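# Analysis of the macromolecular model
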Amino acid sequence: MNDRLLHGGDYNPDQWLDYPSILADDIRFMKDAKTNAFSVGIFAWAALEPTEGNFNFQWLDKIMDDIHGFGGKVLLATPSAARPAWLAQKYPEVLRTNNLRQKMLFGARHNHCFSSPVYREKVGIINRKLAERYKNHPALYMWHVSNEYNGECHCEYCRENFRKWLKDKYQTIDNLNHAYWSAFWSHTFNDFSQIDPPSPLGEFAVHNHNLDWKRFISYMTIDFYLNEVAPLKEITPDIPLLTNFMGELFTRGTYPSTGVIHSDFAREVDVVTWDAYPAWHNDYETTAFTASKLAYINDFYRSLKGKPFLILESTPSMVNWHPINRPKRPGMHLLSSLGCVAHGADGIMYFQWRKSRGSSEKFHGAVVDHDNSGSNRVYKDVKELGHVLESIKEIKDTSTPAKVALIYDVENFWALSDAQGFNNIDKQYHQTMHTHYRAFWTQNIPVDVITPDKDLTRYDLVVAPMLYMASKELITKLHSYVKNGGTLVATYMLGIVNENDLVYLGGLPSPLKEIFGINIGETDSLYPTQKNALIMSCGKEYEAFDHCAIFDVLPGTEVLATYGSDFYKGNPALTRNAFDKGQAYFIGPRTGEDFLVDFYSGLIKADLPINGDEEVSIQERRNEKNRYFFVMNYSEEEKEISLETAMEDIITRQEMTAGKHRIKPYGVFVLKH
Amino acid sequence: MNDRLLHGGDYNPDQWLDYPSILADDIRFMKDAKTNAFSVGIFAWAALEPTEGNFNFQWLDKIMDDIHGFGGKVLLATPSAARPAWLAQKYPEVLRTNNLRQKMLFGARHNHCFSSPVYREKVGIINRKLAERYKNHPALYMWHVSNEYNGECHCEYCRENFRKWLKDKYQTIDNLNHAYWSAFWSHTFNDFSQIDPPSPLGEFAVHNHNLDWKRFISYMTIDFYLNEVAPLKEITPDIPLLTNFMGELFTRGTYPSTGVIHSDFAREVDVVTWDAYPAWHNDYETTAFTASKLAYINDFYRSLKGKPFLILESTPSMVNWHPINRPKRPGMHLLSSLGCVAHGADGIMYFQWRKSRGSSEKFHGAVVDHDNSGSNRVYKDVKELGHVLESIKEIKDTSTPAKVALIYDVENFWALSDAQGFNNIDKQYHQTMHTHYRAFWTQNIPVDVITPDKDLTRYDLVVAPMLYMASKELITKLHSYVKNGGTLVATYMLGIVNENDLVYLGGLPSPLKEIFGINIGETDSLYPTQKNALIMSCGKEYEAFDHCAIFDVLPGTEVLATYGSDFYKGNPALTRNAFDKGQAYFIGPRTGEDFLVDFYSGLIKADLPINGDEEVSIQERRNEKNRYFFVMNYSEEEKEISLETAMEDIITRQEMTAGKHRIKPYGVFVLKH
Amino acid sequence: MNDRLLHGGDYNPDQWLDYPSILADDIRFMKDAKTNAFSVGIFAWAALEPTEGNFNFQWLDKIMDDIHGFGGKVLLATPSAARPAWLAQKYPEVLRTNNLRQKMLFGARHNHCFSSPVYREKVGIINRKLAERYKNHPALYMWHVSNEYNGECHCEYCRENFRKWLKDKYQTIDNLNHAYWSAFWSHTFNDFSQIDPPSPLGEFAVHNHNLDWKRFISYMTIDFYLNEVAPLKEITPDIPLLTNFMGELFTRGTYPSTGVIHSDFAREVDVVTWDAYPAWHNDYETTAFTASKLAYINDFYRSLKGKPFLILESTPSMVNWHPINRPKRPGMHLLSSLGCVAHGADGIMYFQWRKSRGSSEKFHGAVVDHDNSGSNRVYKDVKELGHVLESIKEIKDTSTPAKVALIYDVENFWALSDAQGFNNIDKQYHQTMHTHYRAFWTQNIPVDVITPDKDLTRYDLVVAPMLYMASKELITKLHSYVKNGGTLVATYMLGIVNENDLVYLGGLPSPLKEIFGINIGETDSLYPTQKNALIMSCGKEYEAFDHCAIFDVLPGTEVLATYGSDFYKGNPALTRNAFDKGQAYFIGPRTGEDFLVDFYSGLIKADLPINGDEEVSIQERRNEKNRYFFVMNYSEEEKEISLETAMEDIITRQEMTAGKHRIKPYGVFVLKH
C-alpha cells in the first residue's frame, strides 16, 4: 500500500445498514473503480454506541473485513464530530453556548464544546474502544481524527479556560492591561475574573482581546484533539494520525480554513490533509483562475510539513452547498485531481462514496449515485482516475522544488481583518496573497506558501505581502535572511503592529528600515473608483489602487518607480535596497497581476524543459532520480506546448518527442524526464 | 342577498366609538356607495371584553342593526387574531415563543400560541358569546373566523404537540429515523422526547424534519381553527364559515400564502377567500404582467373548492406596506376588481372601510379617507364599482370552464426550497409556475391551478412544473391519467424525492419512466450569465437557463428538441411519449415564456368568439344558459378586439355588434353570449 | 483666553502614564503647534478611581499644571461615558439591557443605563471629587460633560421610568389609548403597567408609542446629564457646561445626531458643541457637496442657541471608522477648519491629541502620530492652522446674518421615518432638507437651520420641507408668521399628523389651508425610475420624482406651475398665496436642486460685496464694527473671485484690491470689510 497513491473516500455504511444489497454493491464498485482507501465511521457514533455504554462494532467489523478483502485500507475515524442524541440529552454541557450566551440545542455537527469534561471523557472512551478493537486489524491504515474541527463555545467552562490561558500568557493583569491598551475607554482590568470572551453583547473592539480569543480557540481545538488522540497514540503508536483541514475557494475568496493556527496544529498530526471544493465552470473567473486558487491552497498545505499531503475530501461531480453547483465537465475530474497531485497530493479522496438518500447532503456529488450504477459519467470518471493513479504511482513521495516562499500568516489575517482604519470594507489580504501567487503560477515557477515559523534560508526569494502584524522574532528572521543573501519583497501595510497588536512606536521598526532602506509615513486608502499609478523609471505605467503607502527612501535606496498622481505624485512607489549580501524590494501601492508578473519575472525564472501556451500550467515534482512534469491545460481550447527533449508520458506510457505538441482542452500529461 | 355579488369590507367601528358623527357618516356612505356586506369585529376583542369576563356588546348591537337597516349583511368576525392587553398580561402563555426560544411580549397581532389551552378556552368563550347573541340577527350572513392565520410558536406546549404529532405519524422512532435519514451526522434518535422543532440554535438542516415542522404548523393552525369554530357550528349550523388566506404578488414573487396546506384547510371552510394586494403601476413589470400574477392566484383559490371565492380584502387605492405604494390610476379599480370576478370572485371587499386615524395602518387605502368625503376620486371609484357589481349580478355562481390544470403543491415548494443542491440562491418554483401559467393566460386559455389531491380526469392537459417531491400516490394518479388519455407535461426536477424527502433509488420512479419514456441522469445548474439552448427539430431555437436535466430516451420516445451546447449538446431537451391512450411531454431545461407559448399553443387552443390584441385578456365564466366574457385591457393604450357575433355588455346593457371594437386603456367589457 | 479661538482637542494622558517621555513630548508639541485648549479625562475613570472609593488624581494634577504652564486651558471631562471594570462587575445594573431583553456584558462605551440609581450615585461621587479638587485650578475652563450621549436601555428601571413618564404625560390610560389609537388591533390598555418599550419581541408598529419611546429616551438622557452636572453647578457655578453632539455626514446622509431632542438638551448646556467628521475626497460626491453637508450641520448647531459653537472633535487627517478612510489632501485641513469657523465655530478641537498605541481607535487620525514627530505633514497642517486661528482671532463672538430659516425637527424625522405608507424604503427627509439647504448655500445666502421652538419673526423667509408632523402650536406660529408679513415655503407631506401622530381629520388643518390657499388630496409615490415634471407657467420644465402631492387651489391662489404627466397632468404643482401681509408657497412634488435654486433665487438674494465662481463658497460673520467674508474654494481647480472694494485678508494681513483675483484649489481668504 505504501507504494500507491490513495484513492477512495468517506464511506458511511452506517447509513445503509438496512440495505444489505447496497453494502454488497459498494464493495463490488470499490474494486471496480480502482479505489484503495476509505475513511470509515466519521459520523457513526450513534451506530457504534446506540445507547450510553452499549457498543456495537459488528457492522464495522464486517466493513473492515470486506475492505481488507479486496486489498483496501481504512482510515478509521473517531466519531467526535457529531454526538448521538442520547449524549446531548443526558449531558447538555456538551452542546455549545454561542456568543450571545444562548445554549445551543441538539442538531447539526461540529458543534461540541471543546472544554466539556464529559465530552472529553466520552470521546476518550469510544476512541479507546475503537483502538483496542482494531489495533491489529490489517486494514487499519491511519486514524482519521474527528472531522473539520472548527467553531467556538462561550460556556462557563470555556470562559474559565480562556481566563486560565490568559493568565498563563500574561502572568499579571498589568501585562494584559498594557497589551490590551485597556486604559483606552477606561477598560483597565483589576483581575482576570473580569475578562470575558468577545461578544456582541459586551466587548468586541479591543483588537488584541479579539486576537487572543482566536488564538485561544485554536489552542482549545488542538487541546481537544490531543485529548482525543491520547488513547490512539497509546494503543496504536505506529498508526499515523491525521485530521482534515478546510479551504475556501468557491467564491472570490481563496484561503485555507481560518479557525486554527495551522503551524501549531500541523505539528500534532502525521499527515496534512484537506478538503478541496473549487467551483469549477463558474461565471466569474476563468478555469485557469480557479485552478490557481486550488494550487495556492495545495501549496500552503504541502508547505505546512514540507512534504506530500492528501486531498481527504473532494467531489467527482459537484457539491451541494455552493450558491450554484455545476457538475464537472468531461475531463475536469482527471485534470483537477492530477492538478492536486502536481502540487504535492499523494492521494485523492471523496466525500462521499455513496450519495445519501436523505437529509441535507443528499445531493452532494458522490462516486455512487442514487441510480446505484457503475455506468454513468461520474462513476466512469472516477474509475478512469483510479487507473491513472495506478499508472503514475511512482510520483508518490516525490517533492516540489520551490525556491520562492510566500509568507501566509493566519494571525496576521486576523489582526488585519479586525484593524479599524484604512479600508474597513475589506482589507483583501487573501486576494492580495493570491495575486502575488498567481504572478508565479502563470510563469510556472513553483512556490512554497509558508507560515512565519518556517526556515527561510532555503529560498532564493521570499515574498511577504501586507505583513501588517510582524513579531520581533519574524522581523529578526527577515533581517537575517536578507543579510545572508536573500531577496525579500514586501508591500504597503508593513510592520505596523507587534504580536500584541500594539503599534510599533517611532515608525517602521529599525531592522525593517535597515533592510528596505525606507521609512513609511501615511497610507492613502482609495475609494473603489479612485486610481493612482505606479510609473517605472522606463516610463511603463501600471494601475495602483486601494492602498498607497507614502514613504521616504534612505540614502542608497534605489527608486525603481514613482507614483503617478495626487499630492504624492513623483514620490517613490517601488524601491530596491541592497543590504549586505542580499536585497529588499518594497512595493508601495496595491497593484494588479500585470505589474507583479513583470516585476517577479525580473527576479526569478522558471527552470523547465517545457514551454506552454497561456493557461497551460506546468508543475514539477521530483525525486533523486527523476523530474516529473505535470502539463495541464486549464482552458476550454486546444493549446500548444513544446518539449526541449523527448519525455515519457507516464499516464499512457508513451514517449513524447521533442518539439511541439497539441494538448486538448482540460488535457493533462505527466512527463518523466 | 344571495343573488348579489358582495361589495363592502372590513369595518372597524370600535376605533371610532368616541366619534358618533363618524359612525353615522359611515352608514350613510355605505348606502351611497352601493355596498352590501361588512366584516365586523376583526380586532374588537378589547372592545367586546374590556376586562376579563366583562362583555360589552351594545356598540356591536347598534352596528348590526344599522347595517341591517339599509339591507346590508355582516360577516361577523371572531376576534382571536389579536388579544387584549389584559389577557396577555394575566396569561403570558398565550404569547408565542420564537425559534430562538425567546418569549414574545405583548404587541402586534396574529401572534398567539395555537396550542395554549388558556387561549383556546378564552377564544371559545368569546366566540360562544358572539354566536349566542347574534344567532338570530337578520344581518348575520357569514362567520369571518379570525384573520390571516399564520406563524409558529416554539413554546413547551407546541413542542409537546409536535412530538405527539410525530408519534401519530411515524408510530415508532425507527420509522422516524429512517424517514429522517438520521444515521447521517449521527442523529439517530432513541426516543421522541429527543426531538425539537427546527431552530437556528439546533437542528435546521434535516430536510424531512423541516418539512414535518411545516406540516405540523399547518395542522396546528387548522386544529386551532377547528377549536374556534366549534361553538359557531353548534349554535349557528347554517351560517357559512370562512377565513381569509393571503397572496404574495407585490414583488417579483407570485404565490398564495405558504404557511398552511391549503387543500387541508379548504376542506374545513365553506367559502374560500383571500386578501389581494397587487402592486399596480410599478416600475419592474407591465400592467399585464401584474394582472397575470393576480389571475394566477385567483385561479388557485377558485380551484381549491372548484367554485367561486371572495376577495375578502383589497384596496380601492394603495396599501401602506409595499416598498412603494402608488394609488390606482383612474379605471384601475374597476378593471382590477372585475379582473378578480372574471377569474371566479363573487365579491370584492376592502380593508378597510375607513382609514384609521392613528397607528400603523393609518395610510392604508380605504373607502372613506381622513377627509371624510364622499366626493374624492377613490370614493367615487368605489361607488362606480358598486353600481357595476349590481349590473352584472347574474355572474354570481357561474363557473370557469378550464380544461388545463397546473399542479401547485406547497409541500413541494417547501421541500424544493429547503433542498440543498443545484441552485441554492433560489430554485424559483413560484416564478416557474407563473411562467407556465402566463403561457396560457396570454392566450386566453382558462386554467385551474390545483393541489395534488384533485381529480385530474376532467382535464385535457395537466402541467406539473418542477415536481421535485412526488408521493407514490400522486405518481400513480399521473400514470393513470396518461394511461386513460390525458396529456401530461413535466420538467427538470421531476420525481426526485418521495413524501418523506427521501430520494427515489434507482433513478426516475418506474411509472414516470413509463409514461415519459425517459430516464433522467445529471442536472446541470447554470450560473446566471450562462445559457444553453433548446433547439427544435425545425431548427427554431429558444434560450435554456438555470437548470438543464440531462436525460436518455427509451425506445419509442420522440425527441422534439435537443440541447444547443455544452457536453450534452445534441442530447434530448424536449420529448414526447405516447403512452396507452395518452401522451407525456418532458421539458429538460428551464425556458422562457416564448418557448412555453409556442409549445402549449401546439397542445391546446382557446375556444372564444372574441379576439383581442396583446395585453387584452379575455376570461370566461358560464352557467347552463350563458357564456360571459370579461374583456379587459391591461395596458396604457387603446386596443382592438373583434367579436364573431353580437353580444351584450351587461355593464352598460348595450349591445356590441359583431366585428371590430376599440377598448380604451384599462377598459373592461362583460359580454353575454 | 476669552479673546482666542479654541484650538486643541481630546487629550488622554492616562493611556501613557507608563511613558513619561511621551507625556513630556506632548506638552512640548502643544506649545509648538499653537494649541491652547484640551479636553482631559474623558475615558479616565479607571485611572482616577482604580478601585471602588480609591481615588488617584496625582497624574491629573500634573497634567493640569503642565497645560497651565504654557498658558493652555482645560475642558475637564466627567468620565461617565465609560465605566471601570470593577464597577460593572460589582453592580451589573449599570450595564444596559437591549431591546431583546438581553443583559449586556462589560465592554465598549456609551452604554450605561441612564436610570440606574447606582450609576447615578457613582457618577455623582466622581464628579463631585473632580469639581472639588479642581474648582480653583487656573487651567479649568469648561466642563466637558461625559461624551456623545446616546443609546437606550430596556432594564426594569428604564421600563418603570417609561411608564412614569407616560403617566405624567397622559394622566389617564384613556388619554393614552386615544393617542395610541389602540383600539386598532385590540391594543386597548387597561393600565399603564401593561405598557412596555417598543421591541422586536413585542410591539413595534404603534407609531405614537415608538415616538414616545424616543422622546422618553431623550428625556432620560437629559435627566441623566442633569444628575451628572448637579455637583458641578453647585461647586463651580461659573464654569460653563458643554457636552458634544454628533453629526452624520460620512455617507450620503446629512444630519445631526438623532438620539435626542436638541432643543431640549441645548437649554441645559452653556455652549453647543459637536463632533464633525466629513468624508472628504470620497468618490460619490464633489468636494463642494461634502462642504455643503458640513455647513448644513454647522448651521444647525449654531442656530440651536443662536450663537457661536465649538467643533469639539475633528481629525487633522482621517478617521478610522468610515467605510474608507482617506487622509485630508494638502490644504484641506485649513480650508475645512475655517469652513467651520465661517459658519460660526469659535474653536477647532481634535479627537485625539495623540494616536493610541493599541485598541480600536489606534488608526484614528491625531495630531501626534505613532512616529512621535513634529515634522510630518499632518502635524504641520495643525501647526499652520494654529497660526491662522491666532491671526483671525477677532472673529470670535461675531454672528451670522441669516434672514432665511430652514425648519429641522428631529421629532418630525422620527414620525416620518416610522410612518408606514408612501415610500417605505426611505422617506429621504434629511436628503430633502439638505437639497433645500444647498439651494441657498450655492448662492452664498446664509441660513439658520432651526428647531420648531424658535422665533420666526426675525426671518424674511422660512422654509419647512416635508412638515409631516406639525403640532397645533407650530401651525399657529406659521400662520401668524405669514399673517405678519413673512414668506413661507412648504412641500408635499405637509401637516398630516399632530404631535401624537394622529392624522388631522378633514384634510389640511384650517390655518394651513388659509395661508397656502390649497387643499391637499392624494399623494402619489413614484417608483425610482418613474418621473413626473413640474412645468412653470413660462414653460420651463423640471423633473419631479418620489412624491407628488395632488392638490386643489382655493380661490385667489396663484398657480405658478403644473404637473407634466399622469392623471394629474395640468393640476397645480407649485402655488403662491398672498395672505394678509405675507405670502406662502407650496411645492407639490419632490424636485431637484435645479428647481430649488431657480425658485429661491426669485425670493431672496445674497447681499455680498464679493462674487465667486461656482464651488467657491462665501460666508459672512459680522459684529457691530466689521463684516468678515470667508471665501473658500471647495474644488480641485483654481477659481476666480471679484471684490467690489478692497479688503484685508486677515490671515495674511495683506490687502486685496477691488477687482478680480485668483483663488487656488482648496484656497481660503478671510476678508475684513
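To continue, consider the relation of the copies chain C and chain A. Once chain C has been moved 0.0 Å along the axis and rotated by 120 degrees, it coincides with chain A to within an RMSD of 0.0 Å. Overall, the copies show the geometry of a three-fold rotation axis. Considering only C-alpha atoms, the part of chain C nearest the rotation axis is C:Q102, at 5.9 Å. Comparing contact sets, just 2% of the residues at the interface of chain C also lie at the interface in chain A, consistent with a heterologous contact between different surfaces.

Counting from both sides, the interface comprises 55 residues of chain C and, opposite them, 54 residues of chain A. Taken together, both faces of the contact between chain C and chain A bury some 4700 Å²; the carbon and sulfur share is 57%. In this structure, the connection of chain C to chain A is made through 6 salt bridges. Across the pair A:D524 and C:R329 runs a salt bridge, and its minimum N-O distance is 2.4 Å. The tally of links from chain C across to chain A stands at 34 residue pairs in polar contact (both at pLDDT 80 or more). Counting only elements with at least two residues in the side of chain C that touches chain A, the list comes to helix 2 (45-48), helix 4 (85-90) and helix 12 (377-391) of chain C. Looking at the side of chain C that touches chain A, the element that brings in the most residues is helix 4 of chain C, giving 3 residues.

Looking now at the interface of chain C and chain B. Taken together, the contact pairs 54 residues of chain C with 55 residues of chain B. It is C:W181, C:W185 and C:Y527 in chain C that bury the most area against chain B; as a group they hold 18% of the surface buried on that side. Linking chain C with chain B are 6 salt bridges, by the criterion used here. We note a salt bridge from B:R329 to C:D566, for which the minimum N-O separation is 2.7 Å. Summed over the shared surface of chain C and chain B, the number is 34 residue pairs in polar contact (both at pLDDT 80 or more).

Bringing helix 5 (residues 117-134) of chain C into the picture now. All names here are of chain C. With 18 residues, helix 5 should reach 26 Å at 1.5 Å per residue; the first-to-last C-alpha distance of 26 Å fits that figure. Those residues of helix 5 that sit buried are V118, Y119, R120, K122, V123, G124, I126, N127, L130, A131 and Y134. Elements that come into contact with the buried residues of helix 5 comprise helix 2, helix 3 (58-69), strand 3 (73-77), helix 4, strand 4 (140-144) and helix 8 (207-235).

Turning to the nonpolar core, a few remarks are in order. Within the largest apolar cluster, 641 residues are counted, with the highest numbers of intra-cluster contacts made by A:L338, A:I392, B:L338, B:I392, C:L338 and C:I392. The residues touching A:I392, leaving out its near neighbours within four places in the chain, are A:L5, A:L338, A:V341, A:I650, A:I651 and A:V670.

Turning next to the packing of helix 10 (residues 287-305) of chain B against helix 11 (residues 332-342) of chain B. Residue and element names in this part refer to chain B. Packing of helix 10 against helix 11 leaves a shortest axis separation of 9 Å and a crossing angle of 35 degrees. Here helix 10 and helix 11 pass one another in a crossing that is right-handed. Residues T287, L294 and N298 of helix 10 touch helix 11, and the partners they reach there are M332, S336, G339 and C340. Here the residues of the contact of helix 10 with helix 11 are counted per class, giving 3 nonpolar, 4 polar and no charged.

For the rest of this paragraph, the subject is the relation of the copies chain C and chain B. With an axial shift of 0.0 Å and an RMSD of 0.0 Å, the rotation relating chain C to chain B amounts to 120 degrees. Comparing interface residues between copies, only 2% of those in chain C also sit at the interface in chain B, which points to a heterologous contact through distinct surfaces.

Within this structure, the stated rule accounts for 143 salt bridges over all chains. A:R377 serves as the salt-bridge partner of B:E522, at 2.8 Å between the closest nitrogen and oxygen. Note that B:E522 is positioned in strand 15 (residues 518-525) and A:R377 in helix 12 (residues 377-391), a pairing that runs across two chains. The exposure classification of B:E522 matches that of A:R377, with both residues buried. A:E620 is paired through a salt bridge with A:R627; the nearest N and O atoms lie 2.6 Å apart. The pair A:E620 / A:R627 is uniform in exposure class, with both members buried.

Our focus in this paragraph is the sheet that holds strand 21 (residues 610-612) of chain A. All names here are of chain A. Read across the open sheet, the 3 strands follow the order 21-24-27; overall the sheet is antiparallel. What marks the edges here is a single partner per strand, and that holds for strand 21 and strand 27 (659-663). Each strand axis lies, on average, 25 degrees off the axis of its neighbour in the sheet, ignoring direction. Alignment of strand 21 against strand 24 (residues 639-643), held across 3 bridges, turns out to be antiparallel. Bridging from a neighbouring strand, G612 pairs with I641 of strand 24.

Rules of the game
- Residues numbered from 1 in each chain as written.
- Chains lettered and ligands numbered in written order.
- Predicted model: local features only at pLDDT ≥ 70, side-chain atom pairs only at ≥ 80, totals over all residues.
- Heavy atoms only, no water.
- Least-squares fit on C-alpha atoms with pLDDT ≥ 70 in both.
- Contact = heavy atoms within 4.5 Å.
- Buried area = accessible area lost by both parts, 1.4 Å probe.
- Salt bridge = Lys/Arg side-chain N within 4 Å of Asp/Glu carboxyl O.
- Polar contact = N/O pair within 3.5 Å; in protein donor to acceptor, adjacent residues only side chain to side chain.
- Helix = DSSP H or I, 4+ residues; strand = E, 2+ residues; numbered from the N terminus.
- Expected span 1.5 Å × (residues − 1).
- Buried < 20%, exposed > 50% of the residue type's maximum accessible area, 1.4 Å probe, protein only.
- Core = buried A, V, L, I, M, F, W, Y, C linked by side-chain atoms within 4.5 Å.
- Axes fitted to C-alpha atoms, helices over the stretch in contact; angles between N-to-C directions.
- Left-handed = near helix turned anticlockwise from the far one by under 90°.
- Nonpolar A, V, L, I, M, F, W, Y, C, P; charged D, E, K, R; others polar.
- Pairing = 2+ DSSP bridges.

In short, the description is geometric, and any link to function would need to be established separately.
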